[in-house]
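Architecture at a glance
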Amino acid sequence: MAAATAVVPRPVTRNAPRDLTTMTRRSLLRMLRYPSLTAIIVATPVVLLLLFVYVFGGAFGAGVAAGVTPGAEGRAVYLAYIVPAILVMTATSVAQSTAINVAMDMTGGIVTRLRTTPVAPVAVLGGHVVAAVVQTLLAASLVLGIAVALGYRPDVDALGLLAMTGFFVLFGLALTWLSVAMGAAARSVESASNTPMLLVLLPFFGSGFVPVDTMPTPVRLFAEHQPFTPVIETVRGLLAGTPVGAGTAWTAVGWCVGLAVVGWLWARAAYRRPRT
Amino acid sequence: MPVPPLPPAIEVVGLHKRFGDQTVLDGLDLVVPAGTVTALLGPNGAGKTTTVSILATLLAADGGTARVLGHDVATDPQAVRGLIGVTGQLSAVDPLLTVTENLRLMADLFHLPRAEGRRRVAELVERFGLGEVARRRGQLLSGGTTRKLDLAMTLVAGPRVVFLDEPTTGLDPRARHDLWDQVRVLVADGVSVLLTTQYLDEADRLADAVGVLHGGRLVAHDTPAGLKAAHAAGSLDDVFLALTAPVPSADAA
Ligand SMILES: Nc1ncnc2c1ncn2[C@@H]1O[C@H](COP(=O)(O)OP(=O)(O)OP(=O)(O)O)[C@@H](O)[C@H]1O
Ligand SMILES: [Mg+2]
């Protein structure tokens, strides 16, 4: 008997960019289909902004800068002080919903199906990441617009805006690769919605809402060395048009690149872990 | 020049799989000739889904070999993925995308040219009677329609070997008959099918061969009629009960 020759498969060559485009389009379409989730993403930082400015701001404003009188002046100063942290929290809000989306994919049959197709593995999770970065930019612009409507006046030129956008893309990549990994590693959708809580809380233990030198030493040491502080300080400098210390900016960029790589490796490992 | 014979659709030799200290597959041998339907029966936990997962490149075996149309699933998974379609036990429909968008997604992921993708999607919508719900979201479909869409998504790229893991569980009789008809259409097109099922009449009606998986290997492998004759049984139910008396290794933790 002549040896049977293997049937030649349809020539589906790996095409990661094409698959990434397909999967990104899918994620963006899902966001359009689920506008209430997008509304919640924006609502969380906006509610915090209103709470902090209109409830605490009158008093806190006098605490973040010297010679500010409590009341209206305090509120205006405090609004300017917390906008960077609120923008960062907008990004963490997107990250949290991304983790939920990824966990829904992983625990349902969709990822199982995709893993039986020739699709490039990086595209399956990468589509969520690219879409989340787009969503981060849109949501942050919206929140910034609301802050401006409340009287906030950033001092930023076109170049600064470009730098700000670039920095947010990098920061978004770091946050969303991490949250994609959390979502992919989660055993259930519920646990996926809880793990990124850490990301939501961290900005409070940093320079986002009060200067770190007002904190007791152990908290201050943590606050000074956690990634959100240099990120918030970089955004603060870019928005205020004041020079960002080179050390701070590079620390922020370093954290973002490092966390993005860690998130990517972790996500890849979680995606590859077999499940029946 | 003589046409070389087709390799078997599926050729499994001495397959072993353990989860921790639980042996699920213990030297499984199974051949599915090209163009035929084989039904895999077995009690819950027998390892049917595990077998399908290994063949579908989702899970690595601990020993033995598995080939799909001549391609080893362990050493050339990418070639296997280009030839198979899998409808798993869980629904793999995106709940937020419409029926058409779900199908288009598969066409795009298999890199079908745009026009061909459109044609293929339209063809499947027509063939599965999904026209009325084409613009409805996955989450709003009934169980039977979701299952149809699931199978249609599996077929977008024209797979040569199709795995169906309990394709009709939870469907009403009409939906089950519709699905059986779709499988018959596939076979008429020369596609090979491995299906797992808990419904023995399903195996009886659809399969050219039936394998009964128990204790990690096939305890019987024959045509439905052959099995019934060999066990002097009136139905595959009786054969199943006779062959799959509980063994201690099956689900003992
Ligand atoms: N990822 C896993 N980790 C540990 N054990 C597993 C895993 N997947 C399956 N098993 C175990 O392996 C055995 C076989 O499971 P499998 O899903 O293949 O059975 P099945 O024949 O498909 O059953 P059913 O009819 O219930 O679908 C079961 O005892 C199951 O608990
Ligand atoms: Mg099963």
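Predicted model, so just to flag it, every value in this text is computed and none were measured.

Some points on the overall build of chain A
- Looking only at helices and strands, chain A features 11 helices and zero strands.
- Starting at the N terminus and walking to the C terminus, you meet the elements of chain A as α-α-α-α-α-α-α-α-α-α-α.
- Oriented by its inertia axes, the alpha-carbon framework of chain A measures out at about 95 × 40 × 35 Å.
- Taking all 276 residues of chain A together, the buried fraction comes to 49%.
- The contacts in chain A between residues at least 6 apart in sequence include a share of 80% that link residues at least 24 apart.
- Accessible area of chain A: about 12200 Å², with a carbon and sulfur share of 72%.
- Computed over 18 positive and 9 negative side-chain charges, the inter-centroid distance for chain A is 21 Å.

Digging into the layout of surface pockets
- Of the pockets and cavities examined, the largest pocket occupies roughly 430 Å³.
- As for the largest pocket, its lining consists of 24 residues, and the residues nearest its centre are Arg115(A), Thr57(B), Leu58(B), Pro77(B) and Arg81(B).
- For the lining of the largest pocket, the secondary structure elements donating two or more residues are α4 (110-115) and α11 (246-272) of chain A together with β4 (63-68) and α2 (77-81) of chain B.
- With three residues, β4(B) is the largest single contributor of residues to the lining of the largest pocket.
- Broken down by class, the residue content of the lining of the largest pocket amounts to 15 nonpolar, four polar and five charged.

Digging into the pairing of β4(B)
Residue and element names in this part refer to chain B.
- Bridging between strand β1 (residues 10-19) and β4 involves five bridges; their strand directions are antiparallel. The residue of β4 that forms the bridge with His 16 is Gly 63.
- By the bridge criterion, two bridges tie β4 to strand β5 (residues 71-72) in an arrangement that is antiparallel. In the sheet register, Val 68 faces β5, and the bridge partner there is His 71.

Structural notes on the side chain of Ser93(A)
- Counting through the fold element by element, Ser93(A) comes out in helix α3 (residues 72-107).
- Contacts of Ser93(A), omitting those with residues within four sequence positions, involve Ile40(A), Ile41(A), Thr44(A) and Pro45(A).

Regarding the sheet that holds β5(B)
Residues and elements named next belong to chain B.
- One open sheet holds the four strands; their spatial order is β2-β1-β4-β5, and the pairing between them is antiparallel. Where the open sheet ends on each side, the last strands, each with one partner, are β2 (22-32) and β5.
- By the bridge criterion, eight bridges tie β1 to β2 in an arrangement that is antiparallel. Within the sheet, the bridge partner assigned to His 16 lies in β2 and is Asp 26.
- Sheet strands in contact with helix α1 (residues 48-55) are β1, β2 and β4, and its direction is about 115° off that of β1.

A closer look at the coordination of the magnesium ion (ligand 2)
Residues and elements named next belong to chain B.
- The protein atoms that coordinate the magnesium ion (ligand 2) are Thr 49 (OG1) and Gln 89 (OE1), at distances spanning 1.9 to 2.4 Å. Taken as a pair, Thr 49 in helix α1 and Gln 89 in the loop between β6 (84-87) and α3 (99-109) lie far apart in primary sequence, 40 residues in all.
- The exposure class of Gln 89 is partly exposed, given its relative accessible area of 43%.

Details of the packing of helix α5 (residues 121-149) of chain A against helix α6 (residues 158-185) of chain A
Residues and elements named next belong to chain A.
- For the pair α5 and α6, the least separation of the axes is 9 Å and the interaxial angle reads 135°. Of the possible angle classes, the one that applies to α5 and α6 is oblique. Crossing hand, α5 versus α6: right-handed. Where α5 abuts α6, its residues Leu 125, Gly 126, His 128, Val 129, Ala 132, Val 133, Thr 136, Leu 137 and Ala 140 lie against Thr 165, Phe 168, Val 169, Gly 172, Leu 173, Thr 176, Trp 177 and Val 180.
- Residues of the contact of α5 with α6, tallied by class, amount to 11 nonpolar, six polar and no charged.

Structural notes on the interface of chain A and chain B
- Each partner contributes to the interface: chain A provides 37 residues, whereas chain B provides 46 residues.
- Applying the counting criterion to the chain A and chain B interface returns five salt bridges.
- Here Asp150(B) ties to Arg113(A) by a salt bridge, and the two come within 3.0 Å at their closest N and O atoms.
- One can count 16 residue pairs in polar contact (both at pLDDT 80 or more) joining chain A with chain B.
- Elements with a minimum of two residues in the side of chain A that touches chain B: α1 (16-33) and α4 of chain A.
- Ranked by the residues each element gives to the side of chain A that touches chain B, the list is headed by α1(A), at nine residues.
- Here the residues of the side of chain A that touches chain B are counted per class, giving 16 nonpolar, 11 polar and 10 charged.

Focus: the UniProt feature "transmembrane region" (unreviewed entry) in chain A
- As recorded in UniProt, the sites labelled "transmembrane region" (unreviewed entry) are residues 34-56, 76-102, 122-152, 158-180, 192-212 and 248-267 of chain A.
- As annotated, residues 34-56 of chain A comprises 96% helix and 0% strand, and the C-alpha atoms at either end are separated by 33 Å.

Side note on unusual backbone geometry
Residue and element names in this part refer to chain B.
- The phi dihedral of Leu 69 is positive, around 50°, even though this residue is not glycine.
- In this structure, Glu 166 is a non-glycine residue whose phi angle is positive, near 50°.
- Turning to its location among the elements, Glu 166 is positioned in the loop between β7 (161-165) and α6 (173-188).
- Judged by its relative accessible area of 10%, Glu 166 is buried.

Notes on a nonpolar patch on the surface
All names here are of chain A.
- Judged by side-chain polarity, Leu 50, Leu 51, Tyr 54, Val 55, Phe 56, Phe 60 and Val 210 come together as a nonpolar surface patch covering roughly 570 Å² of accessible area.
- Structurally, Tyr 54 is set in helix α2 (residues 35-64).
- According to the relative accessible area criterion, Tyr 54 is partly exposed, its value standing at 47%.

Some details on α1(B)
Residues and elements named next belong to chain B.
- For α1, a buried count of seven out of eight residues is recorded, marking the element as mostly surrounded by other parts of the structure.
- Turning to α1, its buried residues number three or more, namely Lys 48, Thr 50, Thr 51, Val 52, Ser 53, Ile 54 and Leu 55.
- Downstream of α1 by a residue or two, Thr 57 has a phi angle that is positive, lying close to 65°.

About the criteria used
- Every residue gets a number counted from 1 within its own chain, in the order that chain's sequence is written.
- Here chains are named by letter from A upward and ligands by number from 1 upward, in the order in which they appear as written.
- The model is predicted, so local features are restricted to residues of pLDDT at least 70 and side-chain atom pairs to those at 80 or more, both for listing and for counting; the totals for chains, interfaces and linings are taken over all residues.
- Side-chain metrics in this entry use all non-hydrogen atoms of the structure; hydrogen atoms and water are not considered.
- Going along the chain from the N terminus, every DSSP run of H or I of four or more residues is numbered as a helix, and every run of E of two or more is numbered as a strand.
- Under the scheme applied here, a residue whose accessible area is under 20% of the maximum for its type counts as buried, over 50% as exposed, and between as partly exposed, the area being computed with a 1.4 Å probe on protein chains only.
- Any pair of residues with heavy atoms lying within 4.5 Å of one another is described as a contacting pair.
- Where accessible areas are quoted, they stem from the Shrake-Rupley method and a 1.4 Å probe; at the residue level, only the protein chains shown are allowed to cover.
- Counting rule for charge: Lys and Arg are taken as positive, Asp and Glu as negative, and neither His nor the chain ends is counted.
- A single reference atom marks each charge: NZ on Lys, CZ on Arg, CG on Asp, CD on Glu.
- A 1.4 Å probe that fits but cannot get out identifies a cavity on a 1 Å grid over protein atoms alone, an open set with protein on both sides within 12 Å along at least five of seven lines counts as a pocket, and a residue lines either if it has an atom within 4 Å of a point.
- Grid points are joined across faces, edges and corners, and a volume is the space filled by probe spheres set on the points.
- In this classification, Asp, Glu, Lys and Arg are treated as charged, Ala, Val, Leu, Ile, Met, Phe, Trp, Tyr, Cys and Pro as nonpolar, and every other residue, Gly included, as polar.
- Pairing between strands is defined by DSSP: at least two bridges between the two strands are required.
- In this analysis an axis means a line fitted to C-alpha atoms, helices contributing only their contacting stretch, and an angle means the value between N-to-C directions, from 0 to 180 degrees.
- Shown as donors are all N, O and S atoms within 2.8 Å of a metal ion, widened to 3.2 Å for Na, K and Ca; because water is not in the atom set, sites may appear incomplete.
- An angle below 35 degrees is treated as roughly parallel, one above 145 as roughly antiparallel, one from 65 to 115 as roughly perpendicular, and anything else as oblique.
- Helix crossings are classified by the rotation of the near helix relative to the far one: an anticlockwise turn of less than a right angle makes the crossing left-handed, while a clockwise turn makes it right-handed.
- Salt bridge, as used here, is a side-chain nitrogen of Lys or Arg placed within 4 Å of a carboxyl oxygen of Asp or Glu.
- In the analysis that follows, any N or O atom pair within 3.5 Å is treated as a polar contact, provided that within protein one partner can donate a hydrogen and the other can accept it, and provided that, for residues neighboring in sequence, both atoms belong to side chains.
- UniProt positions are given in the numbering used here, feature names are shortened, and annotations may be inferred rather than shown by experiment.
- Patch membership requires more than 30% relative accessible area and the absence of a salt bridge. Residues of like charge join within 9 Å; the nonpolar side chains Val, Leu, Ile, Met, Phe, Trp and Tyr join within 5 Å.

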